[in-house]
Amino acid sequence: MFNLTYEFKLKPTHAQAQIFEEWLEINRRVYNYALAERKDWYLSRSCRINACSLKHEYIIPAETPRPTYASQCKALTAAKKDFPELKKVQSQVLQQTLKRLEIAFVAMWERNHGFPRFKKFGRMRSFVFPQIQSQKLNPGMVNLPVIGLVKFRQSRAIPDGGVVKLARIVKRVSGWYVMLIVQWDVNLPQPLPHGEAVGIDVGLTSFVATSNGLLVKRPRFFVDAERKLKLLQQRVSRKPLGSNNWKKAQKKVASLHEYVANCRKDWHRKLSHQICDRAGMVFVEDLNLIGLSGGMLGKHCLDAGFGQFFSILEQTCFKRDVYFQKVDARKTSQTCPNCRVETGKKKLSERTHICSNCGYTTHRDIAAAQVVLQRGLAAVGHTVKMLAEGKFIGIPLKQESPN
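Please read all numbers here as calculations on a predicted model, not as lab measurements. (Residues numbered from 1 in each chain as written. Predicted model: local features only at pLDDT ≥ 70, side-chain atom pairs only at ≥ 80, totals over all residues. Heavy atoms only, no water.)

Engineer: Please clarify how the environment of Arg264 should be interpreted in this entry.
Structural biologist: Position of Arg264 among the secondary structure elements: in helix H5 (residues 244-276). Here the alpha-carbon distance between Arg264 and Phe221, two residues 43 residues apart in the chain, equals 6.7 Å. Leave out the neighbours within four places in its chain, and Arg264 touches Phe221, Phe222, Leu302, Asp303, Ala304, Gly305 and Gln308. (Helix = DSSP H or I, 4+ residues; strand = E, 2+ residues; numbered from the N terminus. Contact = heavy atoms within 4.5 Å.)

This is the structure we're talking about:
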């Protein structure tokens with residue numbers, strides 16, 4: 001099976017837009033209620049057996065099981081008898097909201113994410129239809145359960161033979177959007193190492209430095225918009241909270257944020273295609289993006305969007321039959337690509353790599369990209385000797401053991 005996600009802008013009628021708004025609010029309340037139920041259960045188990053808090057305590061019987069996705073779905077079905085407004089929303093949409101909460105808790109346990117938080121009014125911006133009534137997509141129309149046919153602007157064609165498996169409705173300041181996951185009953189082979197290899201080093205001075213000498217300066221999307229953003233946020237703070245003028249000012253702030261995000265994503269896509277034009281293999285660093293975002297230069301790292309760029313580059317490589325792989329990022333800027341001797345730490349102001357052992361001199365970021373290239377080629381079976389001889393084509397069919 002092969003899946004692709006297509007995003008289109010919806011053109012709902014006024015009545016359909018009102019239904020979307022109402023469904024978002026109901027999903028928000030279900031999410032908050034389910035989160036409160038789980039949170040109360042955990043707090044009731046946080047005190048000692050022989051002592052309780054002097055202020056307040058959550059008292060839940062000891063035999064009460066921990067709320068899970070299955071138990072909360074069962075309770076949701078029973079709650080529809082007492083709360084008729086829950087029947088307005090398609091049942092699977094509410095179940096997907098509970099599943100979204102379950103995924104948040106799993107991310108907290110397994111990936112050290114923070115504890116899930118309640119969503120205030122307007123913070124729930126999407127809901128999911130896991131099954132579509134009409135699986136074959138009509139041109140410019142999507143058939144949503146309960147709601148019916150909704151028009152969308154089909155900005156690009158979808159290949160024939162695909163089946164729509166899932167639809168996500170997303171609310172943004174610029175309008176409503178639908179994300180369609182289309183599935184084809186085919187098995188596509190993964191790209192194999194071939195052709196010319198390129199190592200990539202990312203940074204804040206040069207956003208991308210490639211092993212063949214390409215340096216791309218980092219555009220400052222958010223930093224350039226900060227002055228206008230500050231002005232718009234000042235206007236929001238001077239409006240009465242909740243008034244119509246306050247809502248209009250908030251919409252302008254959201255529009256600027258969406259414009260910055262769209263510019264960044266568009267630039268990342270164009271750069272990824274430029275890299276894949278003359279490459280058969282692309283190797284990048286496996287960076288600790290969470291650690292970078294929390295450091296002293298966190299704002300600039302988030303503005304650069306390294307994680308989004310790597311995701312887009314990986315998708316572009318897959319579509320264009322280019323091999324993509326991440327390699328170890330440790331000490332790439334402290335290793336000489338010519339003699340592979342560690343040169344020690346460099347200050348951020350040192351932009352030139354000069355090896356004291358062999359005398360190799362080049363730009364610091366290009367040297368790091370060449371180290372990434374060597375590690376990538378070694379990972380796919382090429383040796384450093386083959387790199388020096390220019391033998392990039394193909395991969396050994398059989399690798400002998402060291403003995």
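This is not the end of the story, as more comes after the structure.
Engineer: Is there a simple way to think about the sheet that holds strand E8 (residues 206-210) in this case?
Structural biologist: The strands making up a sheet associate through backbone hydrogen bonding, with each pair oriented either parallel or antiparallel. The strand order E9-E8-E7-E10-E11 describes an open sheet built from five strands, whose pairing is mixed. A strand with exactly one partner marks an edge of an open sheet, and here the two such strands are strand E9 (215-217) and strand E11 (323-328). Sheet twist, expressed as the mean angle between neighbouring strand axes with direction ignored, is 25 degrees. Looking at chain direction, strand E7 (residues 197-202) and E8 are connected through three bridges and run antiparallel. Along E8, the bridge assignment pairs Val202 with Val208. Helix H8 (residues 306-319) contacts E7, E8, strand E10 (281-286) and E11 of the sheet and is inclined by roughly 155 degrees relative to E10. Here helix H9 (residues 364-379) sits on the sheet in contact with E7, E8, E9, E10 and E11, set at roughly 130 degrees to E7. (Pairing = 2+ DSSP bridges. Axes fitted to C-alpha atoms, helices over the stretch in contact; angles between N-to-C directions.)

Engineer: What should I look at first to understand the sheet that holds strand E3 (residues 141-144) in this one?
Structural biologist: Ordered by their spatial adjacency, six strands build an open sheet running E2-E5-E6-E1-E4-E3, and the pairing between neighbours is antiparallel. The outermost strands of the open sheet, each flanked by one partner alone, are strand E2 (126-129) and E3. Within this sheet the neighbouring strands show an average axis-to-axis angle of 35 degrees, counted without direction. Bridge count for E2 against strand E5 (residues 163-172) is four bridges, and the pairing is antiparallel. Looking at the pairing, Ser126 lines up with Val170 of E5. Its contacts with the sheet place helix H1 (residues 14-44) against strand E1 (2-10), E2, E3, strand E4 (148-153), E5 and strand E6 (175-184), and it is angled at close to 100 degrees to E2.

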